[in-house]
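# Structural overview for review
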Amino acid sequence: MKAKTLLELVTLSSTLYTISKETHLMEKLTALSEQGKDKINDFMSEKVVDENGNEVQFLDKLVLKAHEAKEELEVKIGEMVAAFYEKVNIAHTDQLKGLELKVEQLEKDLALAEARINHLEQKTN
């Protein structure tokens, strides 16, 4: 009898948890849809003018917004890729160029050091 009651309580609590999660999800979706409606209404009421002072038509505004969104997306993707490279410890092209410059400088320094050693050896002979 006690095992059956315990099992029923566990089942009831898991059901309540599932319902609360679904309610939370629905509230979140409702909030997001309200924000989306507000953004669309703001976009529609926004007045954009071109260089001649004429109001830009709706489709032109959409094209402008799409272009802005594309640029923002490219910037965000670049930031995310750089962060990923840093996190995974993969060398970025900027880091590779910096390392190449350091190697070239070290090669020059080594050549100068060899020349000095050769010069000192010739003086002693």
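Residues numbered from 1 in each chain as written. Predicted model: local features only at pLDDT ≥ 70, side-chain atom pairs only at ≥ 80, totals over all residues. Heavy atoms only, no water.

## A few points about the overall build of the protein
In terms of regular secondary structure, the protein is built from three helices and zero strands. Counted from the first residue to the last, the protein has its helices and strands arranged as α-α-α. Here the protein holds 125 residues, and 2% of them are scored as buried. For the protein, the accessible area works out to roughly 11700 Å², and carbon and sulfur atoms hold 62% of it. (Helix = DSSP H or I, 4+ residues; strand = E, 2+ residues; numbered from the N terminus. Buried < 20%, exposed > 50% of the residue type's maximum accessible area, 1.4 Å probe, protein only. Areas by Shrake-Rupley, 256 points an atom, 1.4 Å probe, with all protein chains shown as cover.)

## Examining a nonpolar patch on the surface
Nonpolar side chains collect at one region of the surface, where Met26, Leu29 and Leu32 lie side by side and expose about 300 Å² of accessible area between them. One can find leucine 32 in helix 1 (residues 2–45). (Patch = residues over 30% accessible without salt bridge, like charges linked within 9 Å, V, L, I, M, F, W, Y side chains within 5 Å. Salt bridge = Lys/Arg side-chain N within 4 Å of Asp/Glu carboxyl O.)

## Re the pattern of salt bridges
Taken as a whole and judged by the stated rule, the model has one salt bridge. Glutamate 74 serves as the salt-bridge partner of lysine 70, at 4.0 Å between the closest nitrogen and oxygen. With lysine 70 and glutamate 74 both in helix 2 (residues 58–88), this residue pair falls four residues apart, about one helical turn. The partly exposed category is assigned to lysine 70, whose relative accessible area is 48%.

## Details of the confidence of the model for the protein
Summarising the model, the protein shows a mean pLDDT of 78, and 85% of its residues fall at 70 or more. Averaged pLDDT values for the elements of the protein fall to 71 in helix 1 and rise to 89 in helix 3 (residues 93–124). (pLDDT = per-residue confidence, 0-100.)

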